[in-house]
Each structure stands twice: as structure tokens, then as C-alpha cells.
Amino acid sequence: MYAAEAEKQVGRRFTWPWFLVAVVVYLGIIQGLGKLIGVDTGPSDSQFPTTESLVRNALIPIGASIVFIAALVTWLGWWGVVLRYRVPARRWVRWVPISMLLAALVGLNYGHLSDQSASLVCCLLLLGLFVGVGEELMFRGIGVHVFKRAGFSEGKVALWSSVIFGLAHVSNAIGQGAQAILQALIVCTSGYFFYLCLRVGGVILLPMLVHGLWDTSLISTLIGTEPVVYLGTIVILVLQVALIVVLVVRRRAVNPTRTSTSPA
């Protein structure tokens, strides 16, 4: 029996419908604060043209959501459970976090970042940290364990935590329009990759690191008054497609040959 199974009764009971409610509250904090204190960047093609816009449109709302998630985990008494996930995966799955980290490092637009102010670059790095910590605590932390405790098979734990992660990004349609639907579909697959990072690392710190650096790389071309097109981003997109193909083909080869969990 894996540790995740043995810890089913630790802390308060929290069912998956209540998890969905928590996700709605979490999104409400981000979107609500963004609307309340955000800076209008309409005239600019950049997502974050200034340090102030990045701080008020993203850092403060996401920081507040992290406080909410931390308070929820504390109330549930789940910190010991959320921080680790002892469900091993086969050795080949290690290439998922390794390739994602390498692609994110290659995809960073170093030249564009060197043209920006130090404060804007520092805030970008902090944003990557906030996104990695907040989203992983909510979806790979609370979400994965909610479905695990509900008796879902490992495959369904991965599926539903990833689907909800993707659907949560539809809320970006408030500011981005219909393209958020496509983003949500892409993010579903990313959610599964981050889930595999959790399986590989056994602790939530690995998916936090991969997720934070991945998003930092993607956003690195979007900051400043003049966002640019960067060929390095293609590396990330190509890897995303490649991982999707590999995991569709080898999805049943994630679990070790001998396992005491439900089949994936």
C-alpha cells in the first residue's frame, strides 16, 4: 500500500464537489482582485507593459489566492499529505520534468528580458514562483488528493485533476476572449505533465519548479511595452506536442509493472 493510500484518513474530509467550490472561490479571488485593483493595459499590445501592471494585475491577485489555498490546506490539516505523493512511476517518465525544464530554459527570451527594467524582470520571476506555488497547491496538491481519497483510480485522478485545471483557465476569457478556450485545452495536457512531475518527484516541489519556470518562459516575451515574437517559444510548443504524442502512446506504461494501486 502506498503512502498516499495509507494517509486517506489524515485531516478533515473534503469531497470533490467541495473542491470544485474551492476552485470557484480561488478563481473569484484572482479575477475579482484583478478587476478591482488592476491597471488597464488596453492601449498596449503587451500583457504586462509596466512593473505596476504586472504587480496589480497578477502578483497581488495570485498572491491573495495563495493565502486562500494555504488557509484551506491548514484548515483541512493536509499539509503533510499535500506536500508529498508517494505513487511511483516508471523510469522513462523522468524525462517529462527533465525535458520541460530544459525547454523552459531554452524558451526564455533572454535578449528581450535584458532590455527590460530590473524591477519588471524581478516581478516576472516572482510571478512564475507565485503561479507554480499557487496552481500546484490547488490542483496537484488538494485536487489530486481529493480524487485519490474519493477512491478514483490513478488514471482518473490524473484525468480529472488535469481537466479541472484546464477548465479553470477558461476564466481567462474575461480578459482574453475566445482564445482562452484553446488555452484551456492546451492547459489540460500541461496539467497531466505536472501530475507526472509529482509522480516522479514524490513531492510537490518538483511540479512547482517545473510549472513556475515553464510559465516564466512563456510570459518572458509578453512583458514590456513592446512584446516580441521569439523563436525559442517554438521549442516549448514542439515539446508540448511531442509529450502529448508520447503520453497517448505510452499512457498505460506510466505505472511500475508491480503496483498496488488501481490500474491507470
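See the structure above.
The structure presented is a predicted model; accordingly, all values stated were derived computationally and were not measured.

Peer 1: Summarise the packing of aromatic side chains; cite the residues concerned and give the values.
Peer 2: For the structure on display, the rule yields eight aromatic pairs. On the basis of an interplanar angle of 65 degrees and a centroid distance of 5.2 Å, the ring pair of F139 and F165 is categorised as edge-to-face. With F139 in helix α7 (residues 118-149) and F165 in helix α8 (residues 154-168), the pair connects residues that are 26 residues apart, well separated along the chain. Summarising the burial analysis for this pair, F139 and F165 share the class buried. For the pair Y192 and Y195, a centre-to-centre distance of 5.8 Å together with 20 degrees between the ring planes defines the contact as stacked. Here Y195 and Y192 lie together in helix α10 (residues 179-201), a separation of three residues that amounts to about one turn. For the residue pair Y192 and Y195, the accessibility class agrees, reading buried in each case.

Peer 1: Please provide a residue-by-residue account of the pattern of salt bridges, values included.
Peer 2: One pass over the full model with this rule turns up three salt bridges. In this structure, E52 engages R56 in a salt bridge whose closest nitrogen and oxygen atoms are separated by 2.8 Å. Taken together, the residues E52 and R56, both in helix α3 (residues 51-76) and four residues apart, mark about one turn of the helix. On the basis of relative accessible area, E52 is assigned to the partly exposed category, the value being 44%. Residue classification places R56 among the partly exposed positions, given a relative accessible area of 31%. Between K148 and E154 there is a salt bridge, with its nearest N and O atoms 2.4 Å apart. Taken individually, K148 and E154 each receive the classification buried, so the pair is uniform in this respect.

Peer 1: If you had to explain helix α12 (residues 232-250) to someone new, which residues and values would you point to?
Peer 2: With 19 residues, α12 extends 27 Å from end C-alpha to end C-alpha; this agrees with the ideal 27 Å at 1.5 Å per step. Three or more residues of α12 are buried, namely G232, T233, I236, L239, Q240, L243 and L247. For α12, the angular spread of the buried residues around the axis is 115 degrees, confining them to a single face. Residues of α12 that are exposed and point over 90 degrees away from its buried face: L237, V238, V241, V248 and V249.

Peer 1: Provide a residue-level description of helix α5 (residues 95-107), including the pertinent values.
Peer 2: Turn by turn, an α-helix covers 3.6 residues, leaving residues three or four places apart pointing in a common direction. Over its 13 residues, α5 extends 17 Å from the first C-alpha to the last, a length consistent with the 18 Å expected when each residue adds 1.5 Å. Among the residues of α5, V96, P97, S99, M100, A103, A104 and G107 are the ones counted as buried. On an axial view of α5, the arc spanned by its buried residues comes to 165 degrees, and they lie on one face. Within α5, the exposed residues directed more than 90 degrees away from the buried face are W95 and L102.

Peer 1: Describe a nonpolar patch on the surface, naming the residues involved and giving the relevant values.
Peer 2: Judged by side-chain polarity, W95, I98, L102, L105 and Y110 come together as a nonpolar surface patch covering roughly 550 Å² of accessible area. Per-element tally for the nonpolar patch: the top contributor is α5, with four residues. Among the structural elements, W95 can be located in helix α5. Classification of W95 as exposed rests on a relative accessible area of 58%.

Peer 1: Please set out the side chain of S99 residue by residue, giving values where relevant.
Peer 2: Relative to the assigned elements, S99 resides in helix α5. For S99, a relative accessible area of 17% gives the class buried.

Rules of the game
- Residues numbered from 1 in each chain as written.
- Predicted model: local features only at pLDDT ≥ 70, side-chain atom pairs only at ≥ 80, totals over all residues.
- Heavy atoms only, no water.
- Phe/Tyr/Trp six-rings, centres within 6.5 Å; stacked < 30°, edge-to-face > 60°.
- Helix = DSSP H or I, 4+ residues; strand = E, 2+ residues; numbered from the N terminus.
- Buried < 20%, exposed > 50% of the residue type's maximum accessible area, 1.4 Å probe, protein only.
- Salt bridge = Lys/Arg side-chain N within 4 Å of Asp/Glu carboxyl O.
- Expected span 1.5 Å × (residues − 1).
- Arc of directions from axis to C-beta.
- Patch = residues over 30% accessible without salt bridge, like charges linked within 9 Å, V, L, I, M, F, W, Y side chains within 5 Å.
- Areas by Shrake-Rupley, 256 points an atom, 1.4 Å probe, with all protein chains shown as cover.

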